[in-house]
Amino acid sequence: MLKLVELATTRPKLVIAVVLLVTGLFMSQFPKVKTDTDPKHMLPATSAVRVYNDAVEEHFQLHADWIVLGIVNAKGVLNPTTLAKVARLTNAIVGLPGVVPEDVISFTTADNVLADEANLYVKPVMAEVPQTGPELAALRRALIENPLLMDRLYSRDGQATAIYIPLATNANGKIIADQIRGLLRKADDDGSGDEFHLAGDPVARDSFGAEMSKQMGIFSPIAGAIMFAALLLMFRSLVPVIACMGVSMVCVIWAMGGTIGLGIPIHIMSSMSPVFLMAISTDTVHIFNEFYFRFRETADKRRAILDSLRVVGRPLIYTDLTTAAAFASLAVGDIIPVRVFGLLVAFGTLVLLLMSFTLTPALLSLMNADRLAALTRHEDMAEGSSARWLSGLARFSLRYGKAVVAGGLLLVLVSLIGVSRIRVNNNLVQWFKPHSDIRVGDAVLNRELGGTATAYLVVQGGQPDAMQQPEVLSFIEGLQRELEKSPLVGKTTSLADVVKRVSRVMHADDPRYEVIPDSADAVAQYLLLFSMAAKPRDLNNFVDYPMQQANLWVQLKTWDAVGMQQVQQIVEQYKSRALPAGSGKTGSLSIRAAGIAYFNLVWNQAVLWGMLYGFIVSCVLVLFLMSACFRCPTLGVIAGLPLLFTILVIYGLVGFIGKDFDMPIAVLSTLSLGLATDFAVHFIDRYRQRRAEVGPEACMDSVLAWTVARPGKGIVRNAVLFALGFSAMLFAALTPYITVGLFMAAIMLLSALATLTLLPILVKAVRSRPHGRQRER
């Protein structure tokens with residue numbers, strides 16, 4: 001590596017030109033960027049869950065994506081003005097590109113099952129807009145008496161209805177939602193009191209994807225500007241600032257450009273990578289910190305650069321390789337965004353390592369020597385105020401070591417209580433701010449109607465015609481009633497509802513006959529009549545043609561993954577006590593979940609628990625690498641203790657404030673592991689170097705105080721820069737960015753403080769033992 005440094009200091013312009021050329025090649029890939037926030041794409045295409053979900057959608061002719069347009073009127077939606085508006089909007093929406101027109105569901109398109117003597121027929125719920133009181137009353141009665149329509153198309157308080165809009169494959173939900181908003185602006189100027197709300201997974205997902213790209217473009221430059229100003233205040237010269245920021249930009253451009261160039265979509269995790277890489281790149285501050293001290297002592301610029309990288313280079317190599325390995329270990333899992341994120345940041349970290357020994361010394365060699373002399377006159381261990389303050393902190397920690405450790409242990413015990421209260425959960429809608437249109441619309445529709453999150457429970461019999469058996473339909477109906485007891489479930493719809501509806505209308509619309517017939521033959525006859533009268537999809541959505549599988553629709557009033565988890569628990573409990581015994585007619589029954597709400601649960605479990613698994617693997621790997629670097633397992637363990645302390649305290653706080661352990665929080669653990677261990681590696685390696693310089697008989701407290709004051713100043717500068725870079729994300733429009741920005745800044749500052757207070761105590765404790773002195777040698 002020192003050969004690269006010598007080349008960079010002798011031919012700096014050549015090195016800079018080569019770096020700029022390669023950077024330009026990577027930057028040329030940026031216009032090809034693609035984003036992907038679909039939960040189904042988080043798993044490999046060959047995963048069992050994804051394959052089964054695709055099979056269910058194809059088998060029952062289901063649409064993967066729906067947009068829900070809610071219309072709410074506090075005086076009631078059954079008035080001529082609002083109903084005319086529903087009709088006009090439906091006609092306009094079916095003509096939008098990307099919409100499946102034949103399957104749009106509203107008052108004017110939804111089928112109402114009716115009978116005339118022995119003939120079954122269907123007609124739209126609202127063929128014409130009613131104008132008179134009797135006509136409106138008849139529409140209301142038709143809605144209330146049809147369980148297939150209540151809570152889906154019409155709310156129980158009469159104040160809401162909805163238009164369900166299926167999207168074609170690969171249609172962009174945000175683009176279609178924006179087109180619908182354009183239609184709403186024309187319809188919302190009549191003073192009728194109608195409110196419109198858009199919700200649904202494709203709206204939230206694709207809006208988040210578009211906003212994600214925007215946030216990436218906004219906050220990366222803002223974070224860079226903040227770090228630029230902070231560096232300028234620290235070093236009072238543009239050259240080290242340009243060097244640090246230049247390295248940051250190169251890391252970001254190479255990593256992001258390489259990912260985009262390979263055709264890999266940017267997910268939410270990788271969208272945060274620019275800010276992370278910029279923060280990681282502040283590790284070069286250790287070079288500038290030592291360079292200022294060395295130039296102050298030697299007044300020889302080239303010698304100061306070589307000497308700085310000779311002493312700082314080894315910990316830089318250790319920390320960058322450890323960080324890269326920690327992130328690369330995320331690729332062992334099955335979750336695609338985690339893989340991409342881990343490899344992207346690992347590559348960016350290796351770029352940082354290369355730039356630390358090439359671009360940074362090349363830029364430093366261009367600094368004016370006279371200007372350097374003026375800038376570095378305060379970089380003195382005896383005269384510098386920051387050095388004196390840090391030395392005092394070290395002496396305080398060493399003097400009151402037992403009290404400091406006891407206080408730390410007490411804080412850890414309290415934090416463990418908070419950690420035990422953490423709930424693992426994820427909710428895409430809550431990634432928007434509380435007053436955003438998407439979050440407000442989702443809340444309103446979940447309150448008024450059945451819910452915007454859909455799951456499918458596929459009931460499979462042991463042989464054909466199982467779904468025509470009355471006991472099976474009764475089992476499904478019982479499961480529906482059990483699910484609807486949960487406040488998280490707004491509505492369920494199944495084949496049993498279709499059969500009961502046909503039975504009622506075939507008996508002169510007598511409510512007493514809204515039951516499942518006693519014989520399989522009667523069920524078969526009703527289903528035959530319904531299939532002949534209704535659209536094929538009306539039946540295909542609920543049962544297959546061999547009548548061996550039935551699809552139970554579940555509408556949830558929350559996108560929380562724990563909501564779907566509760567549904568599964570209810571299903572298992574109900575199965576254990578109500579599942580009909582297998583027979584020649586039904587065979588054994590099984591129930592399996594699918595749908596977007598279920599995918600959210602799978603994503604929650606796979607990503608969040610996968611991140612936890614990755615964190616554990618990273619911990620073991622980092623411990624091994626640090627032990628190998630120091631050639632001492634004890635020092636390897638000690639190096640990880642400040643970070644472990646920090647993570648426990650921060651996650652304890654997460655538990656106490658009731659924050660869910662969601663994707664942004666899960667990301668923090670691995671990020672902090674890969675980044676904050678840098679502080680401990682720099683501290684211990686520089687302590688050992690200093691110990692070797694002054695000899696084994698030198699006062700240990702003085703050596704530790706020097707380590708806290710001189711390399712510790714670089715640690716403080718690094719942590720402050722890191723925290724300032726992430727602070728830009730506090731003003732983002734999306735809550736994951738805010739969460740990561742806030743907690744990551746806290747982790748870095750607390751980790752730096754723990755390193756400078758706890759490590760001197762721990763190193764002294766180990767060094768004071770005879771075998772500790774032998775290992776250090």
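Structure first, text after, so check above.
Presented here is an overview of the structure given in this document. On a predicted model such as this, the values are computed, not experimentally measured, just so you know.

**Some remarks on the pairing of strand 6 (residues 453-460)**
No. 1: Within strand 6, 7 of the 8 residues are buried, leaving the element largely enclosed by the surrounding structure.
No. 2: Taken together, the 8 bridges between strand 6 and strand 8 (residues 549-556) define a ladder with antiparallel strand orientation. Bridge pairing in strand 8 places Val-458 opposite Asn-551.
No. 3: Two elements, strand 6 and strand 9 (residues 590-594), share 5 bridges in a ladder whose sense is antiparallel. Bridged to Tyr-456 within strand 9 is Ala-594.

**Some details on the nonpolar core**
No. 1: Core analysis: the largest hydrophobic core is formed by 246 residues, its most contacted members being Leu-69, Ile-180, Leu-457, Met-467, Leu-483, Met-564 and Phe-726.
No. 2: Of the residues forming this core, the biggest block, 13 residues, is contributed by helix 8 (residues 238-261).
No. 3: Excluding anything up to four places from it in sequence, Leu-457 contacts Leu-479, Leu-483, Ala-550, Asn-551, Leu-552, Val-554, Met-564, Val-567, Val-571, Ile-591, Arg-592 and Ala-593.
No. 4: With 7 residues, the next largest nonpolar core counts Val-412, Phe-645, Leu-758 and Ile-761 among its residues.

**Some remarks on the pairing of strand 1 (residues 66-72)**
No. 1: Burial analysis of strand 1 places 7 of its 7 residues in the buried class, which makes it a mostly covered element.
No. 2: Pairing of strand 1 with strand 4 (residues 160-166), which is carried by 7 bridges, proceeds in the antiparallel orientation. From the neighbouring strand, Leu-69 faces strand 4, where its bridge partner is Ile-163.
No. 3: Of the strand pairs in this sheet, strand 1 and strand 5 (residues 195-199) are connected by 5 bridges, and their pairing is antiparallel. Residue pairing for strand 5: Leu-69 is matched across the bridge by Leu-198.

**Things to note about the sheet that holds strand 4**
No. 1: If you walk across this open sheet you meet the 3 strands as 4-1-5, and the pairing is antiparallel. The open sheet has two free edges, formed respectively by strand 4 and strand 5, since each of these has just one partner strand. Recorded for the sheet is a direction-independent mean angle of 20° between the axes of neighbouring strands.
No. 2: Relative to the sheet, helix 6 (residues 173-187) contacts strand 1, strand 4 and strand 5, its axis offset from that of strand 1 by approximately 25°.

**Structural notes on the layout of surface pockets**
No. 1: Here the largest pocket is characterised by a volume of approximately 600 Å³.
No. 2: Lining the largest pocket are 24 residues, with Asp-38, His-41, Asp-65, Asn-170 and Arg-205 sitting closest to its centre.
No. 3: Looking at the lining of the largest pocket, the elements with two or more residues in it are helix 3 (48-59), helix 6 and helix 7 (201-235).
No. 4: Of the residues in the lining of the largest pocket, the class split is 6 nonpolar, 8 polar and 10 charged.
No. 5: There is about 400 Å³ of room inside the second largest pocket.

**Some points on a nonpolar patch on the surface**
No. 1: Residues Leu-410, Val-414, Ile-417, Leu-653, Phe-656 and Ile-657 make up a contiguous nonpolar surface patch of about 550 Å² in total accessible area.
No. 2: No other element matches helix 17 (residues 401-420), which puts 3 residues into the nonpolar patch.
No. 3: In this fold, Val-414 is placed in helix 17.

Procedures and definitions
- Here the residue numbering is sequential within each chain, running from 1 through the sequence in written order.
- Residues qualify for local features only when their pLDDT is at least 70, as the model is predicted, and side-chain atom pairs are given and counted only at 80 or more; totals for whole chains, interfaces and linings, by contrast, use all residues.
- Hydrogens are left out, water is left out, and the side-chain values use all remaining heavy atoms of the structure.
- For every residue, the accessible area (1.4 Å probe, protein chains only) is compared with the maximum for its type, and the residue is labelled buried under 20%, exposed over 50%, or partly exposed between those bounds.
- For helices the rule is a DSSP run of H or I covering at least 4 residues; for strands it is a run of E covering at least 2, with both sets numbered from the N terminus onward.
- Only when DSSP finds a minimum of two bridges between them are two strands counted as paired.
- The definition of a nonpolar core used throughout is a set of buried Ala, Val, Leu, Ile, Met, Phe, Trp, Tyr and Cys residues joined through side-chain atoms within 4.5 Å.
- Two residues form a contact once any of their heavy atoms are found within 4.5 Å.
- In this description, a line fitted to the C-alpha atoms serves as the axis of each element, helices being fitted only across the stretch in contact, and the angle between N-to-C directions of two axes falls anywhere from 0 to 180 degrees.
- Computed over the protein atoms alone on a 1 Å grid, cavities are sets of points where a 1.4 Å probe fits but cannot get out and pockets are open sets with protein on both sides within 12 Å along at least five of seven lines; a residue lines them when it has an atom within 4 Å of a point.
- Grid points are joined across faces, edges and corners, and a volume is the space filled by probe spheres set on the points.
- Residue type decides the class: Asp, Glu, Lys and Arg count as charged, Ala, Val, Leu, Ile, Met, Phe, Trp, Tyr, Cys and Pro as nonpolar, and the leftover types, Gly among them, as polar.
- To count toward a patch, a residue needs a relative accessible area above 30% and no salt bridge. Like charges then connect within 9 Å, nonpolar side chains (Val, Leu, Ile, Met, Phe, Trp, Tyr) within 5 Å.
- Here the accessible surface of atoms and residues is derived via Shrake-Rupley with a 1.4 Å probe, and residues count as covered only by protein chains that are part of the display.
- Here, a salt bridge means any side-chain nitrogen of Lys or Arg that lies within 4 Å of a carboxyl oxygen of Asp or Glu.

Just geometry here; none of it tells us what the structure is for.
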